[in-house]
Amino acid sequence: MWFPRLSAIYAINKLALHAKYDTLKNHFPNLSFDATTLNYTPNSVSRPHTDAKNLSFGICAVCPFGTFDHEKSAHFVLTQLRTVIELPAGDTFYIPSATIQHWSCPLYEPEKESRYCAIFYSAGSNFRWVANGFKKQDDSKSTVKERNEGGTRRWKDAWKLYRTLEEFTAPSSSSPA
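Residues numbered from 1 in each chain as written. Predicted model: local features only at pLDDT ≥ 70, side-chain atom pairs only at ≥ 80, totals over all residues. Heavy atoms only, no water.

## Looking at the packing of helix α1 (residues 4-20) against helix α2 (residues 124-131)
In step 1: At a minimum axis distance of 10 Å, the contact between α1 and α2 shows a crossing angle of 65 degrees. Viewed along their axes, α1 and α2 adopt a mutual orientation that is roughly perpendicular. By crossing handedness, the relation of α1 to α2 is classed as left-handed. Taken together, the residues of α2 that come into contact with α1 (itself represented by I9, Y10, N13, A16 and L17) are N126, F127, W129 and V130.
In step 2: Per-class residue counts for the contact of α1 with α2 are 7 nonpolar, 2 polar and no charged. (Axes fitted to C-alpha atoms, helices over the stretch in contact; angles between N-to-C directions. Helix = DSSP H or I, 4+ residues; strand = E, 2+ residues; numbered from the N terminus. Parallel < 35°, antiparallel > 145°, perpendicular 65-115°, else oblique. Left-handed = near helix turned anticlockwise from the far one by under 90°. Contact = heavy atoms within 4.5 Å. Nonpolar A, V, L, I, M, F, W, Y, C, P; charged D, E, K, R; others polar.)

Structural data, given as structure tokens:
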């Protein structure tokens, strides 16, 4: 698993929401994400954007599918990183979509190709709702100063949820010797 600690936070929040509101539909029970968008047009593209309503320190999963030449078509662009990614159909790419501007390029031969996309994400408001005891932030008893300080603390603590380079490169206990 690429993001075990972050995934755990997502899963706990999702469980809390579903426990409180039993009418919520859980279309993907094995995923920690709260929401899914299916871009189901044959030439699924996006303009440069950030997903400001997603969890600020969170990630989203981008899963393209269809028939297209990923070396010529439908590249995924990370603006601030000045990076263009060849993302083949069937691959999954994780991005902190609230903080990194991103977009997808059009198809090279739209009359011969198709590109669709499934995107999995979680709204930051869902996390605030649970953290505030299922009340709006304005209805909580905390002051603006306390909320701002809490936001700064959460932002700093959030980086601990990501794996370090050492964790990525360390041999796992399940890998062969």
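There's more to say after this.
## Considerations on the nonpolar core
In step 1: Counting residues in each nonpolar core, the largest one holds 15 residues, and the members touching the most others are L6, Y10, F33, F57, I59 and F120.
In step 2: Ignoring anything within four residues of it in the chain, the contact list for Y10 reads S32, F33, L55, G58, I59, S122 and F127.
In step 3: I85, I100, C117 and I119 belong to the second-largest nonpolar core, a separate cluster that totals 11 residues. (Core = buried A, V, L, I, M, F, W, Y, C linked by side-chain atoms within 4.5 Å. Buried < 20%, exposed > 50% of the residue type's maximum accessible area, 1.4 Å probe, protein only.)

## Looking at the sheet that holds strand β6 (residues 93-95)
In step 1: Here 4 strands make up an open sheet; going across it, the order is β1-β8-β3-β6 and the pairing antiparallel. Of all the strands in the sheet, the pair left with one neighbour each is β1 (35-39) and β6. Within this sheet the neighbouring strands show an average axis-to-axis angle of 20 degrees, counted without direction.
In step 2: Two strands pair when backbone bridges link them, and β1 and strand β8 (residues 114-121) are joined in this way by 5 bridges, in the antiparallel orientation. Bridged to A35 within β8 is Y121. (Pairing = 2+ DSSP bridges.)

## Here's the deal with the environment of L6
In step 1: Of note, L6 is situated in helix α1.
In step 2: For L6, a relative accessible area of 1% puts it in the buried group.
In step 3: Taking C-alpha positions, L6 is 9.4 Å from W159, a pair spaced 153 residues apart along the chain.
In step 4: With sequence-adjacent residues up to four places away left out, L6 is seen in contact with F57, G58, I59, L161 and Y162.

## With respect to a nonpolar patch on the surface
In step 1: Residues W2, Y94, L165 and F168 make up a contiguous nonpolar surface patch of roughly 450 Å² in combined accessible area.
In step 2: Turning to its location among the elements, Y94 is positioned in strand β6.
In step 3: A residue is classified by how much of its surface remains accessible, and Y94, at 34% relative accessible area, is partly exposed. (Patch = residues over 30% accessible without salt bridge, like charges linked within 9 Å, V, L, I, M, F, W, Y side chains within 5 Å. Areas by Shrake-Rupley, 256 points an atom, 1.4 Å probe, with all protein chains shown as cover. Salt bridge = Lys/Arg side-chain N within 4 Å of Asp/Glu carboxyl O.)

## Considerations on the environment of K14
In step 1: Secondary-structure assignment places K14 in helix α1.
In step 2: Residues K14 and F127, spaced 113 residues apart in sequence, show a C-alpha to C-alpha distance of 8.7 Å.
In step 3: Residues in contact with K14, not counting those within four places in the same chain, are N26, F28, P29, L31, S32, F33 and D34.
In step 4: Polar contacts involving the side chain of K14 include one to the main-chain carbonyl oxygen of F33, which spans 3.2 Å. (Polar contact = N/O pair within 3.5 Å; in protein donor to acceptor, adjacent residues only side chain to side chain.)

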